[in-house]
Amino acid sequence: MPPSVVAESSQGLQQLPFKPEGYNYWTWRGHKIHYVEEGEGFPVVLIHGFGTSAFHWRYNIPELAKNYKVYALDLLGFGWSEKAQIDYDALIWRDQLVDFLKEIVKQHTVLVGNGLGGFTTLLAAAELPAEQVKGVTLLNSAGQFGDDITTTDTSEETALRKFIVRPVEEIFQRVVVGLAFWLSMRPAQIEAQLKSGVYRNHSNVDDYLLNSIAIPAADPNAGEVYYRLLRQLISNPRKYTLESVLSQLSCRLLLLWGDLDPWVDHAKANRIKEFYPNTSLVNLQAGHYPHDEVPLLVNKALLDWLSTLGLSEPSLRTVPEI
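Residues numbered from 1 in each chain as written. Predicted model: local features only at pLDDT ≥ 70, side-chain atom pairs only at ≥ 80, totals over all residues. Heavy atoms only, no water.

If you look the chain up in an unreviewed UniProt entry, it shows as Pheophytinase, chloroplastic isoform X5 from Nicotiana tabacum.

Below, the structure written as structure tokens:
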């Protein structure tokens with residue numbers, strides 16, 4: 001797809017211009033971080049899900065930017081941000097988002113996140129002072145309640161397993177995961193995966209979307225990052241649970257939930273609402289990415305909800321140190 005393409009969705013919404021070189025860059029802890037910045041007004045910060053990027057908000061940024069200052073951030077290891085060779089953990093992305101608010105946004109804000117980005121926004125909102133985050137919107141968020149996770153045996157490893165078996169397993173896993181990543185990140189495979197149920201309506205599964213996933217995946221370090229992310233997600237599934245994070249939250253919460261998601265059970269939205277009463281829920285006939293599959297409905301619901309928060313023009317107060 002040629003650079004700076006401005007297209008429309010099947011629903012007639014303007015699309016953010018696609019720039020292969022990215023938009024803006026910020027250095028965080030020595031790493032190159034990519035973000036999009038559009039519009040004027042009260043800040044709204046968008047955080048993408050696993051395997052996608054800031055460009056996944058292509059149909060939301062132009063609409064939101066008509067009334068708000070919109071930022072879309074690429075998490076470390078994803079999109080046009082650096083594919084850092086580090087041990088990934090949920091707190092890495094939380095700290096990245098908190099520092100982004102402090103150093104770039106510098107205002108009170110509303111956070112919006114999909115999938116992994118949804119859980120990142122919750123962690124950041126729980127960490128920041130109550131008045132800093134005016135609201136959080138989750139779209140099919142990652143994260144589990146503690147009793148959703150089967151406990152495993154955590155007995156101490158034997159020396160044989162620790163020094164011989166595990167290293168051999170890791171080599172084998174790297175080879176398998178590396179091959180799987182290479183195969184799955186080809187454009188034809190990306191398209192097939194998206195159309196296998198993640199998107200129930202395929203009209204927006206286009207070249208723009210495929211390129212926004214395939215180009216970052218072509219980074220030489222992308223396969224290693226993918227391997228490290230999988231190992232971390234598998235090894236610590238209950239390190240941070242939804243109830244522990246929600247219990248620290250004090251702002252209003254909006255759930256925009258694709259009920260046809262094959263990855264995240266729609267019942268989770270109801271359970272979040274039960275656990276955290278200060279929640280509004282909008283059910284959508286969509287898969288895991290409702291903001292890109294049914295952007296017209298998501299934009300309307302999000303804008304309607306934002307209008308109820310009493311947001312004023314941003315002050316010059318910066319994000320306090322934490």
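### Here's the deal with the overall build of the chain
What counts is decided by this rule: Counting from the N terminus, the helices are DSSP H or I runs at least four residues long and the strands are E runs at least two residues long. Partly exposed residues are those whose accessible area sits between 20% and 50% of the maximum for their type, while under 20% is buried and over 50% is exposed, using a 1.4 Å probe and protein chains only. Two residues form a contact once any of their heavy atoms are found within 4.5 Å. Each accessible area value is a Shrake-Rupley result obtained with a 1.4 Å probe; residue values ignore everything except the protein chains displayed when judging cover.
Broken down by element type, the chain carries 11 helices and eight strands. Each of the 322 residues in the chain was classed as buried or not, and the buried ones make up 51%. Nonlocal contacts in the chain, meaning residues at least 24 apart in sequence, comprise 77% of its contacts between residues at least 6 apart. If you sum the accessible surface of the chain, you get close to 14500 Å²; carbon and sulfur atoms cover 53% of it.

### Focus on the packing of aromatic side chains
Let me state the cut-off plainly: Working definition: rings of Phe, Tyr and Trp (its six-membered ring) pair if their centres are within 6.5 Å, and the pair is stacked with planes under 30 degrees apart, edge-to-face with planes over 60 apart, and tilted otherwise.
Evaluated as defined, the whole model comprises 14 aromatic pairs. Both rings, one in Tyr88 and one in Trp93, keep their centres 5.8 Å apart while their planes meet at 25 degrees; by these two values the pair is stacked. What makes Tyr88 buried here is its relative accessible area of 1%. On the accessibility criterion, Trp93 (4% relative accessible area) is buried.

### Focus on the sheet that holds strand β4 (residues 69–73)
Heads up, the rule is: Following DSSP output, two strands are said to pair if at least two bridges run between them. Convention adopted: a line fitted to C-alpha atoms gives each axis, helices being fitted over their contacting stretch, and angles between N-to-C directions are expressed from 0 to 180 degrees.
Strand order in this open sheet of eight strands is β1-β2-β4-β3-β5-β6-β7-β8, and the pairing throughout is mixed. Of all strands in the sheet, those with a lone pairing partner are β1 (24–28) and β8 (279–284), marking the two edges. Each strand of the sheet is rotated relative to its neighbour by a mean of 20 degrees, with strand direction disregarded. As paired strands, strand β7 (residues 252–258) and β8 are joined by six bridges and run parallel to one another. Its bridge partner lying in β8, Leu256 is registered against Val282. Sheet strands touched by helix α9 (residues 267–275): β7 and β8. Its angle to β7, the strand with the most contacts, is close to 165 degrees.

### Structural notes on the environment of Asn221
With respect to the helices, strands and loops of the structure, Asn221 is situated in the loop between α6 (207–217) and α7 (222–235). Here the alpha-carbon distance between Asn221 and Gly77, two residues 144 residues apart in the chain, equals 9.0 Å. Beyond its immediate sequence surroundings of up to four residues, Asn221 is in contact with Lys83 and Gln85.

### Considering the nonpolar core
Spelled out, the test is: By convention a nonpolar core is built from buried Ala, Val, Leu, Ile, Met, Phe, Trp, Tyr and Cys residues, the set being connected through side-chain atoms within 4.5 Å.
If you look at the biggest cluster of nonpolar residues, it comprises 49 residues, and the most contacted ones within it are Val45, Trp93, Leu111, Leu122, Val136, Leu246 and Leu253. Looking at this core, the element that brings in the most residues is helix α2 (residues 90–105), giving eight residues. Contacts of Trp93, omitting those with residues within four sequence positions, involve Leu75, Leu76, Phe78, Tyr88, Leu116, Thr120 and Leu229. The next biggest cluster of nonpolar side chains, apart from the first, holds 32 residues, and it includes Phe18, Val36, Phe55 and Leu306.

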